[in-house]
Amino acid sequence: MLQGRHLVDPQDLQLTELEDLFSLAQRIQKDPLHYRDLCRGKILATLFFEPSTRTRLSFEAAMLRLGGSCLGFAEPSSSSVAKGESLADTIRTVAAYADMIVMRNPKEGAALLASRYSSVPVVNAGDGGHHHPTQTLTDLLTIRQLRGSTEGLTIGFCGDLRFGRTVHSLAETLARYRNNRMVFISPQELKIPEYIKNGALARNNIEYRETDRLESVMGDLDVLYMTRVQRERFFNEEDYIRLKDFYILDNEKLKNAKKDLIILHPLPRVNEIAMEVDADPRAAYFAQAKYGMYVRMALIASLIGDAAC
Ligand code: NCD
């Protein structure tokens, strides 16, 4: 039962609960009108202290499609945070107005703190360079839909693996499924954090490799997860400029790739995937964005929906 719970870290969900969410998302996608009144009279608050397109709008679209309403801010300068209000006070207040809170915040740990002060479910829509659990739901649903399974795969993560919260959440979760192997492709400065290697990967005996050469591993991959270099987390602009175009996936680099490779990207894309790749049938990043809305419908319905779905 997910009713009333928080989602701060992907580990908050058992694998069976993930499966339940995916199968509900699939049912919703097949017959969305059947679910249109599940959240009638309920209010979702979206508190975004950092920019967003897909996460915020897909949550809001999801709530509207379930018959509920949304309020919130996309710009902290328009809220009392700009007057110096603490996060704890903002959350206690919003929890009095809304039935569920979705929050994105630049500080690692902000969602955990919010969950401690909230009387309604808090969902982490990204806390700094830490975690982004609903992007993981999106990514796993996409892989499951396109491959039929999230087990026995070789997944390549490419780009900013140090600051990319989507990578951290997805790698930790894929590590909990059977027989997955991982390849971490990044420049030296942007390697996957030790806490993930020594934590989730070690705990689950995950076989993994690290390299800075995308071409050398391309042919081994079942899933290629491209990411943007996270400019907002850099301490200086020079490092960002030096690293931002380290990887640019194009048709040439895909020559050795498997025929059934799935190319994912949480988006937004900057330069890391050439536009020519969009026409390749293996490019799944726009389908992925759409699955994000269905899985968020399933999540909202499970956390605060009226009926058992
Ligand atoms: C990601 C994020 O915010 O971490 N975007 C998203 O939610 N789809 C990835 C990114 O910003 O690079």
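Look up a bit, the structure's there.
The structure reproduced in this document is the subject of the present report. (Residues numbered from 1 in each chain as written. Predicted model: local features only at pLDDT ≥ 70, side-chain atom pairs only at ≥ 80, totals over all residues. Heavy atoms only, no water.)

**Some points on the environment of Ile-101**
Step number 1: By the element assignment, Ile-101 lies in strand S3 (residues 100-105).
Step number 2: Judged by its relative accessible area of 0%, Ile-101 falls in the buried class.
Step number 3: As for Ile-101 and Phe-235, which are separated by 134 residues in sequence, their C-alpha atoms are 30 Å apart.
Step number 4: Contacts of Ile-101, omitting those with residues within four sequence positions, involve Ala-45, Leu-47, Ile-91, Val-94, Ala-95, Ser-118, Val-120, Pro-121, Val-122 and Val-123. (Helix = DSSP H or I, 4+ residues; strand = E, 2+ residues; numbered from the N terminus. Buried < 20%, exposed > 50% of the residue type's maximum accessible area, 1.4 Å probe, protein only. Contact = heavy atoms within 4.5 Å.)

**Considerations on the site of the ligand**
Step number 1: Close contacts around the ligand come from Thr-55, Arg-104, His-132, Gln-135, Arg-165, Thr-166, Arg-228, Gln-230, Pro-266, Leu-267 and Pro-268, and that covers them all.
Step number 2: Here a nitrogen atom of the ligand and a side-chain polar atom of Gln-135 are 3.2 Å apart.
Step number 3: Residue Gln-230 places a side-chain N or O atom 2.8 Å away from an oxygen atom belonging to the ligand.
Step number 4: Contact with the protein chains removes 94% of the 320 Å² of surface that the ligand exposes when unbound.
Step number 5: When the residues that make up the shell around the ligand are grouped by side-chain class, the tally is three nonpolar, five polar and three charged. (Near = heavy atom within 4 Å. Polar contact = N/O pair within 3.5 Å; in protein donor to acceptor, adjacent residues only side chain to side chain. Areas by Shrake-Rupley, 256 points an atom, 1.4 Å probe, with all protein chains shown as cover. Nonpolar A, V, L, I, M, F, W, Y, C, P; charged D, E, K, R; others polar.)

**Some thoughts on the sheet that holds strand S5 (residues 154-158)**
Step number 1: The five strands lie next to each other as S7-S6-S5-S8-S9, forming an open sheet whose pairing is parallel. Each end of this open sheet is capped by a strand with a single partner; those strands are strand S7 (207-211) and strand S9 (262-264). Sheet twist, expressed as the mean angle between neighbouring strand axes with direction ignored, is 15°.
Step number 2: Where S5 lies against strand S8 (residues 223-226), four bridges are found, and the strand directions are parallel. Of the residues in S8, the one forming a bridge with Cys-158 is Met-226.
Step number 3: Along the sheet, helix H6 (residues 165-174) contacts S5, strand S6 (181-185) and S8; its crossing angle with S5, the most-contacted strand, is approximately 165°. (Pairing = 2+ DSSP bridges. Axes fitted to C-alpha atoms, helices over the stretch in contact; angles between N-to-C directions.)

**Here's the deal with the pairing of S6**
Step number 1: Burial analysis of S6 places four of its five residues in the buried class, the great majority of the element.
Step number 2: By the bridge criterion, five bridges tie S5 to S6 in an arrangement that is parallel. Each residue of the ladder has a partner; that of Gly-156, found in S6, is Val-183.
Step number 3: Taking the sense of rotation as the criterion, the β-α-β connection linking S5, H6 and S6 turns out right-handed.
Step number 4: The pairing of S6 with S7 spans five bridges and is classified as parallel. (Right-handed = clockwise from strand over helix to strand, strands pointing away.)

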